[in-house]
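Breakdown of the fold
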Amino acid sequence: MIDWIDATRELADGVRAGYTTRLGGASEGAYLSANMATHVGDVDADVRENRRRLHQITGLGDIRWLKQVHGSSVVKIEPHVDPVDDQCSALVADAQWTDSTGIGLAILSADCFPVVIADASGGVVGIAHCGWRGAVCGVLESLVAAMRLRSTSLNAWLGPGICKQCYEVGPDVVERLNARISKNVLDAGPRRKHWLLDLPGYLEILLQELGIERIFRSPSCTYQDEDLYSYRRDKVTGRVATIVWRETP
Ligand SMILES: [Zn+2]
């Protein structure tokens, strides 16, 4: 059985959200065991089996995957008219949202943050894939704008990602961040010309500046928690899936 960490209570009535871990899947080797990504070198049949188990544990018949590129494109998800193979139809985007019920919106990650946004009344849900690149190119701004709701009515939840203590960055990253924000979330690192970046802190400030007041965070660090995938720790590795959906009434 796929391991599923529920985060539903953070969001809104009628909205479900959560994420998978490494546990309970069919993948082997570096991908052990519940890798949800088809683009990381894992055996396709194993990923298909992991996704089948994910459908089973969430009760979702329809889960939408994106081809994530660390960009800022957002897509609105509508119900399928005809059954479509989700493995073949992934759209190139880093955020998706919907007002339909019963459709799971998935983001794959291993250190980057899945950022879930839900209208407090539970009518609209969205999710973004957000590392420092996504943050800099405005994926959160694009998602909130696309959802077209008063931002004070939105709740946000940051899923598992890399914490400040584990995330050393160099000038190549720091120079591209918004300096006004980053001065609050950078500490001197152990090496010269390197810093520790509080990426979830950076994202939280971005969300606050967009007008979102209620922001919750997963306590898990992907680098430290061996039950999660970390790109920085392992390089060749799998991805967990974070999913949000509106329940079918
Ligand atoms: Zn950490």
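A separate point is the pairing of strand E2 (residues 15-20). Counting buried positions along E2 yields 6 of 6 residues, so the element is predominantly enclosed. Where strand E1 (residues 4-6) and E2 come together, 3 bridges link them in antiparallel fashion. Within E2, the position partnered with aspartate 6 by the bridge is glycine 18. Sheet analysis places E2 next to strand E16 (residues 240-246), joined by 5 bridges and oriented antiparallel. In the strand pairing of E16, tyrosine 19 is matched with threonine 242.

Spatially, the 5 strands line up as an open sheet ordered E1-E2-E16-E8-E3, and their pairing is mixed. Single-partner strands in this sheet number two, and they are E1 and strand E3 (62-64). Going across the sheet, the axis of each strand differs from the next one's by a mean of 25°, ignoring polarity.

A word on helix H3 (residues 139-147). Within the span of H3, buried status applies to Val139, Leu140, Leu143, Val144 and Met147. Projection of H3 onto a plane perpendicular to its axis shows the buried side chains occupying an angular sector of 130°, all on one side. Its buried side turned inward, H3 meets strand E5 (74-76), strand E7 (95-98), strand E9 (113-119), strand E10 (125-130), helix H2 (132-137) and helix H6 (199-209). At the exit of H3 stands arginine 148, carrying a positive phi of roughly 50°.

Once that is clear, we can look at unusual backbone geometry. Backbone torsion omega between leucine 32 and serine 33 reads -15°, so that peptide bond is classified as cis. Positive phi, normally seen in glycine, also occurs at lysine 235, with a value near 60°. Of note, lysine 235 is situated in the loop between helix H7 (231-234) and E16.

Parameters at a glance
Residues numbered from 1 in each chain as written. Predicted model: local features only at pLDDT ≥ 70, side-chain atom pairs only at ≥ 80, totals over all residues. Buried ≥ 20, exposed ≤ 12 C-beta atoms within 10 Å, placed from the backbone. Helix = DSSP H or I, 4+ residues; strand = E, 2+ residues; numbered from the N terminus. Pairing = 2+ DSSP bridges. Axes fitted to C-alpha atoms, helices over the stretch in contact; angles between N-to-C directions. Arc of directions from axis to C-beta. Contact = placed C-beta atoms within 7 Å.

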